[in-house]
Amino acid sequence: DELNTALYAKDAAVMELYTKTRQWSLDYYDEFYTRFYTKFDRLFFESEMAECGVDIVRKNIGKYFLEDNGAVIFPGEKYGLHTRVFITGAGHPTYEAKDICNAFKQYEAFPFDKNIHVVGSEQAGYFQVVFKALELLDSKKFKDREFHISMGMVTLTDRKMSSRTGDILRVDWLIDQV
């Protein structure tokens, strides 16, 4: 929690290390993007979406979002979905708030007819809520334009593969094997 607070505040004590390690990650990904002949016209960094996401959500409290015990939620039950937190009690954006900002930034950069998110099936409920919130915020830009296509999950012989636990097959290893 302390580290998140420092990162959201862009505290100089952590930003140098954050910037350095983020670059390591980008460099690593560039290596296998090159192997796949993949190029991106624009990268949308999660860190760029935090403040904007909080602003959009806060401006719509009482319209589409509600305050609840210090947090800001989207009351999904009103739409046959589930309720999700968009801003924590500590005032930090969740992925949901950042994805709200990201959708607006993506539309601004590439005015799309369809925006397709290829993400694991376990995120279906998440995207239903985020897409509904986007539709309410700006139906002209987002209604019937945001889609989630579920991808399968890789399962190891005795457990689910997870980057969070370190139980992964690295793509560069897999490419070398192929």
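The structure under discussion appears in the preceding block.
Here the residue numbers are simple positions, counted from 1 along each chain's written sequence. Side-chain atom pairs in this predicted model are given and counted only at pLDDT of 80 or more, local residue features only at pLDDT of at least 70, and totals for whole chains, interfaces and linings cover all residues. Note: side-chain values were computed over all heavy atoms of the structure, leaving out hydrogens and water.

Some points on the overall build of the protein chain
- Numbering of helices and strands starts at the N terminus; helices are DSSP runs of H or I of at least 4 residues and strands are runs of E of at least 2. Counting its secondary structure elements, the protein chain contains 7 helices and 5 strands.
- Burial status follows relative accessibility: with a 1.4 Å probe on protein chains alone, a residue under 20% of its type maximum counts as buried, one over 50% as exposed, and anything between as partly exposed. Within the protein chain, buried positions represent 29% of all 178 residues.
- Two residues qualify as a contact provided that any one of their heavy atoms is within 4.5 Å of a heavy atom in the partner residue. Pairs at least 24 apart in sequence give 59% of the contacts found in the protein chain among residues at least 6 apart.
- Summed over its atoms, the accessible surface of the protein chain is roughly 11,900 Å², and 52% of this surface lies on carbon and sulfur atoms.
- His is not counted, nor are the chain ends, whereas Lys and Arg count as positive and Asp and Glu as negative. Taken as the charge location is NZ of Lys, CZ of Arg, CG of Asp or CD of Glu. Averaging the coordinates of the 23 positive side-chain charges in the protein chain and doing the same for the 28 negative ones gives two points 5 Å apart. The accessible surface values rely on the Shrake-Rupley method and a 1.4 Å probe; as for residues, cover is taken only from the protein chains in view.

A short note on helix H3 (residues 50-59)
- For H3, the full list of buried residues reads Ala50, Gly53, Val54, Ile56 and Val57. The buried residues of H3 occupy an angular sector of 165 degrees when projected down its axis, which confines them to one face. Exposed side chains of H3 directed beyond 90 degrees from the buried face belong to Glu51 and Lys59.
- If you follow the buried residues of H3, they end up packed against helix H1 (2-8), strand S2 (71-74), strand S3 (84-87), helix H4 (95-109) and helix H5 (124-137). This arc corresponds to the set of directions leading from the helix axis out to the C-beta atoms.

Observations regarding the packing of H3 against H4
- Angles run from 0 to 180 degrees between N-to-C directions of axes, and those axes are lines fitted to C-alpha atoms, restricted for helices to the stretch in contact. Contact geometry for H3 and H4: axes closest at 7 Å, N-to-C directions at 100 degrees. When the interaxial angle is binned, H3 and H4 end up roughly perpendicular. Contact residues: H3 offers Ala50, Cys52, Gly53, Ile56 and Val57, while H4 offers Ala97, Lys98, Ile100, Cys101, Phe104 and Lys105.
- Polarity classes work like this: nonpolar for Ala, Val, Leu, Ile, Met, Phe, Trp, Tyr, Cys and Pro, charged for Asp, Glu, Lys and Arg, and polar for all others, with Gly in that last group. When its residues are assigned to classes, the contact of H3 with H4 shows 8 nonpolar, 1 polar and 2 charged. Oblique is the label for any angle not under 35 degrees, not over 145, and not in the 65 to 115 range, which are roughly parallel, roughly antiparallel and roughly perpendicular in turn.

Here's the deal with helix H2 (residues 12-35)
- By this rule, a helix spans an expected 1.5 Å times one less than how many residues it contains. Taking 1.5 Å per residue as the helical rise, H2 with its 24 residues ought to reach 34 Å, and the 35 Å between its terminal C-alpha atoms agrees with that figure.
- The complete set of buried residues in H2 reads Val14, Met15 and Phe32.
- On the buried face of H2, the contacting elements are H1 and helix H7 (171-177).
- By the N-cap criterion, in which a side-chain oxygen at the helix start approaches the backbone nitrogen of a residue two or three places on, H2 is capped by Asp11, the distance to Ala13 being 2.8 Å.
- Remark: Tyr37 follows H2 within two positions and exhibits a positive phi of approximately 55 degrees. Pairing of N or O atoms within 3.5 Å defines a polar contact, subject to two protein rules: one partner must be a possible hydrogen donor and the other a possible acceptor, and residues neighboring in sequence count only if both atoms are side-chain atoms.

Considerations on the state of the cysteines
- Criterion for a disulfide: a pair of cysteine sulfur atoms at a distance within 2.5 Å. Inspection of the entire model under this criterion finds 1 disulfide.
- Paired by a disulfide, Cys52 and Cys101 hold their sulfur atoms 2.3 Å apart. Taking the sign of the S-S torsion, 105 degrees for the link of Cys52 and Cys101, the bridge is right-handed. Of this pair, Cys52 sits in helix H3 while Cys101 is found in helix H4, placing the two residues 49 residues apart along the sequence.
- Residue class for Cys101 comes out buried when judged on its relative accessible area of 0%.

Observations regarding the pairing of S2
- Here S2 shows two buried faces, one formed by Ala71 and Ile73 and the other by Val72 and Phe74.
- Only when DSSP finds a minimum of two bridges between them are two strands counted as paired. Where strand S1 (residues 66-68) meets S2, 3 bridges bridge the pair, whose relative direction is antiparallel. Residue pairing across strands places Leu66 opposite Ile73, the latter belonging to S2.
- The antiparallel hairpin formed by S1 and S2 contains 2 residues in its connecting segment, where Asn69 sits at a positive phi of about 55 degrees.
- Relative to S3, S2 is paired through 3 bridges, and the arrangement is antiparallel. Looking across to S3, one finds that Val72 is bridged to Ile87.

So, the sheet that holds S1
- Read across the open sheet, the 3 strands follow the order S1-S2-S3; overall the sheet is antiparallel. Edge positions in the sheet fall to S1 and S3, since each has one partner strand and no second. The mean inter-strand angle of the sheet, taken between neighbouring strand axes irrespective of direction, is 50 degrees.
- The strands touched by H5 are S2 and S3; relative to S3, the strand with the most contacts, the crossing angle is about 55 degrees.

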